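# Geometric and topological summary
What follows is each chain in one-letter form.
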Amino acid sequence: MRKHIVAGNWKMNTTVPEGIELAKAVAAKSVETPESVGLIVAPPFTHLASVAEALKGSKVALSAQNCADHTKGAYTGEVAVDMLASAGCTYTILGHSERRQYYGETDQTLVEKVKLALAANLGVIFCVGENLEQREAGKHFEVVTDQIKNVLFQFSAEDMKNVVIAYEPVWAIGTGKTASAEQAQEIHACIRKVVADQFGAQVAEDMTILYGGSCKPSNAKELFACPDIDGGLIGGAALKADDFIAIAMSF
Ligand code: PEP
């Protein structure tokens, strides 16, 4: 059975006390959300252990926003998968467009990161999406297909049970421009087909595919009504507990 998920990517926002307050508010309001909808929050690294504490006893799972491509050692400034798991994470986001764009994250690095995350029993929220130039050139299907092929095709069908794909058109992230439900649905259907061709129909049927990019309470219902959109990866609107929960109530 395909899981519905609403995940909040807090990016580089909130101090630790602000993050704890936000997590507590999300945890408290999560009781209002349908049982079938999984909730995840991804605060900055510095907040993870305290946010884990704040979420205890609630249905809200904890995710990191990234992980190191090595297990331990002399990699100043990096955070390894075992550290994330021991801080209470059960997921990590990988391949977010901001990491690809600003920190030079490549497909090769992502293969390593996905490998390590899965080995540490972390679920992976793997982000794909085209930029505006690629969309305008009509290359969005090709770009997204390649991003999936170049990384996820290195893994097995069994591994895919712990992978969620997030389609996030770069032109819609933080811009207030959302992909229309039709635009999002057609690329989600393409992603599911790519997954089916490589890993089989059942894996594709069970795969949770999230939409991300200026998703908010006012547009979530229309997006989530599409047959291949199984939830959202939420940036800006995840910083307000009421908005985040309203999005989760949009199924
Ligand atoms: C994101 O970057 O994951 C995202 C979806 O951001 P926003 O919702 O702010 O567009």
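Refer to the structure above for everything that follows.
The following paragraphs examine the structure supplied in this document.

Conventions we followed
- Each chain has its residues counted from 1, following the order in which its sequence is written.
- Local features in a predicted model are, by the rule used here, given only for residues with pLDDT of at least 70; side-chain atom pairs are given and counted only at 80 or more, and totals for whole chains, interfaces and linings are based on all residues.
- The side-chain quantities take in all heavy atoms of the structure and omit both hydrogens and water.
- We call a residue near a molecule or strand as soon as one heavy atom of that residue lies within 4 Å of the molecule or strand.
- Polar contact is defined as a pair of N or O atoms within 3.5 Å, subject to the rule that within protein one atom must be able to donate a hydrogen and the other to accept it, and that residues adjacent in sequence are counted only when both atoms are side-chain atoms.
- Gly is placed with the polar residues, together with every amino acid not listed as nonpolar (Ala, Val, Leu, Ile, Met, Phe, Trp, Tyr, Cys and Pro) or charged (Asp, Glu, Lys and Arg).
- Helix axes are fitted only over the stretch in contact, all axes being lines through C-alpha atoms; the angle between N-to-C directions runs from 0 to 180 degrees.
- Secondary structure elements follow DSSP: runs of H or I no shorter than four residues count as helices, runs of E no shorter than two count as strands, and numbering proceeds from the N terminus.
- To sort the angles, those under 35 degrees are grouped as roughly parallel, those over 145 as roughly antiparallel, those from 65 to 115 as roughly perpendicular, and the leftovers as oblique.
- Here is the rule for handedness: rotate from the far helix to the near one, and if that takes an anticlockwise turn smaller than a right angle the crossing is left-handed, while a clockwise turn gives right-handed.
- Whether two residues touch is decided by their heavy atoms; if any such pair falls within 4.5 Å, the residues are in contact.
- The rule is simple: take the accessible area with a 1.4 Å probe, protein chains only, and divide by the maximum for that residue type; under 20% is buried, over 50% is exposed, in between is partly exposed.
- We treat two strands as partners when DSSP finds at least two bridges between them.
- Place the viewer so that the strands point away; then a crossover is right-handed whenever the path from the first strand over the helix to the second strand goes clockwise.
- By this rule the span expected of a helix is its residue count minus one, scaled by 1.5 Å.
- Under the pairing criterion, centres of Phe, Tyr and Trp rings, with the six-membered ring standing for Trp, must be within 6.5 Å; the plane angle then separates stacked pairs below 30 degrees from edge-to-face pairs above 60, leaving the rest tilted.

### What to know about the site of the ligand
Taken together, 15 residues lie around the ligand, and Lys 11, His 96, Glu 168, Gly 174 and Ser 214 are the ones closest in. Gly 236 is positioned such that a nitrogen or oxygen atom in its backbone is 2.9 Å from an oxygen atom of the ligand. Residues of the shell around the ligand, tallied by class, amount to four nonpolar, eight polar and three charged.

### Section: the packing of helix H11 (residues 217-224) against helix H12 (residues 241-248)
Between two packed helices, the angle of one axis relative to the other and the distance separating the axes together describe the packing. Interaxial distance between H11 and H12 falls to 8 Å at its minimum, and their mutual angle equals 20°. Relative to H12, the element H11 is oriented roughly parallel. For the pair H11 and H12, the sense of crossing is right-handed. Contacts from Pro 217, Ala 220 and Phe 224 in H11 reach Asp 243, Ala 246 and Ile 247 in H12. A breakdown of the residues in the contact of H11 with H12 according to their chemical character gives five nonpolar, no polar and one charged.

### What about the pairing of strand E1 (residues 4-9)?
One face of the sheet, then the other: side chains in a regular strand alternate in exactly this way. For E1, the buried fraction is high: five of the six residues fall into the buried class. With six bridges joining them, E1 and strand E2 (residues 37-42) adopt parallel strand pairing. The partner of Val 6 across the bridge, within E2, is Leu 39. A crossover connection joins E1 to the parallel E2 through helix H1 (residues 16-29); in handedness this β-α-β unit is right-handed.

### Some points on helix H5 (residues 107-119)
Between its terminal C-alpha atoms H5 stretches 18 Å, which fits the 18 Å expected from 13 residues at 1.5 Å a residue. Taken together, the buried positions of H5 are occupied by Leu 110, Val 111, Lys 113, Val 114, Leu 116, Ala 117 and Leu 118.

### Details of the packing of aromatic side chains
By the definition in use, this model includes three aromatic pairs. Taking the centre distance of 5.8 Å and the plane angle of 90° together, the rings of Phe 153 and Phe 199 count as edge-to-face. Of this pair, Phe 153 sits in the loop between helix H7 (140-152) and helix H8 (157-160) while Phe 199 sits in helix H9 (residues 181-199), and the two are 46 residues apart along the sequence. Between the aromatic rings of Phe 224 and Phe 251, the centroid separation amounts to 4.5 Å while the plane-to-plane angle is 20°, which identifies the pairing as stacked.

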